[in-house]
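Residue-level structural notes
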Amino acid sequence: VMWEDYFALLQEAEGIRLLSPAPPFAVIIEAEGMDEARLTEGFEDFLGRALGAGILTDALVARSLKEAGAFWAVREGHHLSRLMPHLINLDVSLDIGRMEEFATGCRRALRDRFADIRVLFFGHAGDGNLHIAADEPLPGQDDATHELCAIVYDLVRKAGGSISAEHGIG
């Protein structure tokens, strides 16, 4: 899952326009495990039901490995260190149902303390893993970096989450 600002920024950085404007959330879903025709039919049926129920507002289906690679290029965020030269990556685990509440509160708390900070959210929603990419608020000032981490980790604790959570193992 990618929050809107992450998705918009990385689409632009990759020179790829998947969805414009960027949606509030973009999710990559991969499906495999049966013959291609049945898989395609089942997946398109799933997407149709989700669109009809208002769970999704739009959907793209990769029809080739090249198209799937474009989706993943945006998600992988290889340009983050160029776009955010003082990047701090934090990795936490949260209950899936609390991710949006956490991201909203975390962004607000960080901006309340560091007015011009850029903070982006993306992760593996299926297993509760959330990546937080923040530009170091005061480059070279360790106290500010420690304060940023303390703000985030305090919110993680209050949300009942954990740290060091790659793929939900934290």
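Below you will find a few notes about this structure. Keep in mind the model is a prediction, meaning the values are calculated, not measured. (Residues numbered from 1 in each chain as written. Predicted model: local features only at pLDDT ≥ 70, side-chain atom pairs only at ≥ 80, totals over all residues. Heavy atoms only, no water.)

A few words now on unusual backbone geometry. With an omega dihedral of 0°, the bond running from Ser-20 to Pro-21 counts as a cis peptide bond. Within the secondary structure, Pro-21 sits in the loop between α1 (4–14) and β2 (25–26). (Helix = DSSP H or I, 4+ residues; strand = E, 2+ residues; numbered from the N terminus.)

Their axes nearest at 8 Å, the elements α1 and helix α3 (residues 65–76) cross at an angle of 115°. Taken as a pair, α1 and α3 cross one another with a handedness that is right-handed. Contacts between α1 and α3 pair Tyr-6, Phe-7, Leu-10, Gln-11 and Glu-14 from the former with Ala-73, Val-74, Arg-75 and Glu-76 from the latter. (Axes fitted to C-alpha atoms, helices over the stretch in contact; angles between N-to-C directions. Left-handed = near helix turned anticlockwise from the far one by under 90°. Contact = heavy atoms within 4.5 Å.)

So, on to the pairing of strand β5 (residues 129–135). Judged by how many residues are buried, β5 sits mostly within the fold: 7 of 7 residues are covered. Every second residue of β5 is oriented toward a common face, with Asn-129, His-131, Ala-133 and Asp-135 on one face and Leu-130, Ile-132 and Ala-134 on the other, all of them buried. Pairing analysis gives 7 bridges linking strand β3 (residues 87–93) to β5, with the strands arranged antiparallel. Residue pairing in the sheet places Val-92 in a bridge with Leu-130 of β5. Sheet analysis places strand β4 (residues 119–124) next to β5, joined by 6 bridges and oriented antiparallel. (Buried < 20%, exposed > 50% of the residue type's maximum accessible area, 1.4 Å probe, protein only. Pairing = 2+ DSSP bridges.)

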